[in-house]
Amino acid sequence: MANWKYFGRRCALDRRVLLRGFAALGMAALAAGTLTGAASAASLLDKIKNGEPIRIGFSNDPPWAYAGSNNEPLGSAVVIAQQVLKKMGVTKIEPVVTEWGSLIPGLQADRFDIITDSMFILPERCRNVLFTDPIATIPTAAAVPKGNPKDLHSYEDIRDKGLTMVTGSAYRAVKVAQKVGVPDDKIMQVAGYAEIVQALKAGRADIGIGDPLGLRGAIGSDGGIELADPFTSPEKPGYAAFAFRLDDQASVDAFNAELKGYIGSAEMMAAVGEYGYDKLLLPDGTKAADLCKG
C-alpha cells in the first residue's frame, strides 16, 4: 500500500477547522456568483488573457482533491489541473472548497471557473457541464471489515443479503445500486471517503463503495478495514475529468490541447505519485464526446 503523505496531514487536521478556514472564501464566492449569475460569465481564456486569478472548485475528496493544513489545494486531480492551467498561462489560483453535490451547481452559478475534482463523465452530467478529456480511468472498489465476514463481492450480494451499503452523496454508486435493486433505505449517502470508512467502523454500514484510491486513502493504516477482493460491478470503469460551464467550449479545447501532451508524461507521474496515482490509472484514449453519448 502506498504511503501517501496526504494521509498523515489529513488525520492531523480537524475537519471543522478546515471548513471554518474556507467559510469566508466560500461566502465571498457565493456572493460573487449571486451578483454575476444573471450575466454571461467571462470565459477562462478571457480571464487568463486579463491576468485574473482562476477559481478552482473541488470537494474534500482525497487523494484526488482536498485542502492541506495551510488551506493549499492538494491531490492528484488538483495537481494535474494546476499544472495544465499553468501551461495555459495561469499565474494565480484561488481554491473554492464545497460539498461534492454542490460542484456542478456552483460552476453553473459562476462561483468558480473549473471543477478540478475527479468527476466521472456521465451523459446526464454532460447536459449541465462541458467535460475535458479524461485524466484517469477508475474501477469500482469496495471497503469491508477485515476478513470480509459477510462475504460481499458485488452489488447483488448487498441486495440479496439485505445489507446496508455506504457511498458518497451523488456518487455513481448510488444509481448503480438502485438499478441492481438495492432498496433506497439500504443506501447510505455521506460526504466523502473519510465518512464512508467511519460508517463502516461504527457498524452503520456493511460495505462502502467508491474508487480504490479514495478508499485506500481513507482506510490508511487502519487494520480493521480492507478492500474486498474481488469486487465485481455491472458498470464499466469510470472516466474522470474536469468540468467547465456549457458556454466555455473554447477554454475546454485549449485545456485539452495542453492536457494531451501532459497526461502520462514523466512530469505528471512525478507530481501525482505521492497520491497513489500510477500508470494503471492512465486514460485509454477515450474522448469525453464519446462518453457523453453513453
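The preceding data block contains the structure.
Residues numbered from 1 in each chain as written. Predicted model: local features only at pLDDT ≥ 70, side-chain atom pairs only at ≥ 80, totals over all residues. Heavy atoms only, no water.

A separate point is unusual backbone geometry. Backbone torsion omega between Pro62 and Pro63 reads 5 degrees, so that peptide bond is classified as cis. The phi torsion at Asp151 lies on the positive side, around 55 degrees, for a residue other than glycine. Within the secondary structure, Asp151 is located in the loop between strand 8 (141-145) and helix 7 (155-160). Its relative accessible area of 43% is what places Asp151 among the partly exposed residues. Located in the positive-phi region is Ala170, a residue other than glycine, with phi close to 70 degrees. (Helix = DSSP H or I, 4+ residues; strand = E, 2+ residues; numbered from the N terminus. Buried < 20%, exposed > 50% of the residue type's maximum accessible area, 1.4 Å probe, protein only.)

The five strands are arranged 10-9-11-8-12 in an open sheet whose pairing can be described as mixed. The open sheet has two edge strands, strand 10 (187-190) and strand 12 (225-227), and neither has a second partner. In this sheet, neighbouring strand axes are inclined to one another by 30 degrees on average, regardless of whether the strands run parallel or antiparallel. The sheet contact formed by strand 9 (residues 165-168) and strand 10 spans four bridges and is parallel. Among the inter-strand pairings, Gly168 is bridged to a residue of strand 10, identified as Val190. Contacts from helix 8 (residues 172-180) reach strand 9, strand 10 and strand 11 (207-210) within the one sheet, and its direction differs from that of strand 9 by about 145 degrees. (Pairing = 2+ DSSP bridges. Axes fitted to C-alpha atoms, helices over the stretch in contact; angles between N-to-C directions. Contact = heavy atoms within 4.5 Å.)

A separate point is the pairing of strand 5 (residues 114-120). Across the seven residues of strand 5, seven count as buried, placing the element largely inside the fold. Of the two faces of strand 5, the one carrying Ile114, Thr116, Ser118 and Phe120 and the one carrying Ile115, Asp117 and Met119 are both buried. With two bridges connecting them, strand 1 (residues 54-58) and strand 5 associate as parallel partners. Paired with Ile56 across the bridge in strand 5 is Ile114. In terms of strand pairing, strand 5 meets strand 13 (residues 238-244) through three bridges, oriented antiparallel. Its bridge partner lying in strand 13, Ile115 is registered against Ala243.

Looking now at the state of the cysteines. According to the stated counting rule, one finds one disulfide in the structure shown. Between the sulfur atoms of Cys126 and its disulfide partner Cys292 the distance amounts to 2.0 Å. Measuring the twist about the S-S bond at about -75 degrees, one finds the Cys126-Cys292 disulfide to be left-handed. Separated by 166 residues along the polypeptide, Cys126 in helix 6 (residues 123-126) and Cys292 in helix 13 (residues 288-292) bring together distant segments of the chain. Given the relative accessible area of 15%, Cys126 is considered buried. (Disulfide = S-S within 2.5 Å.)

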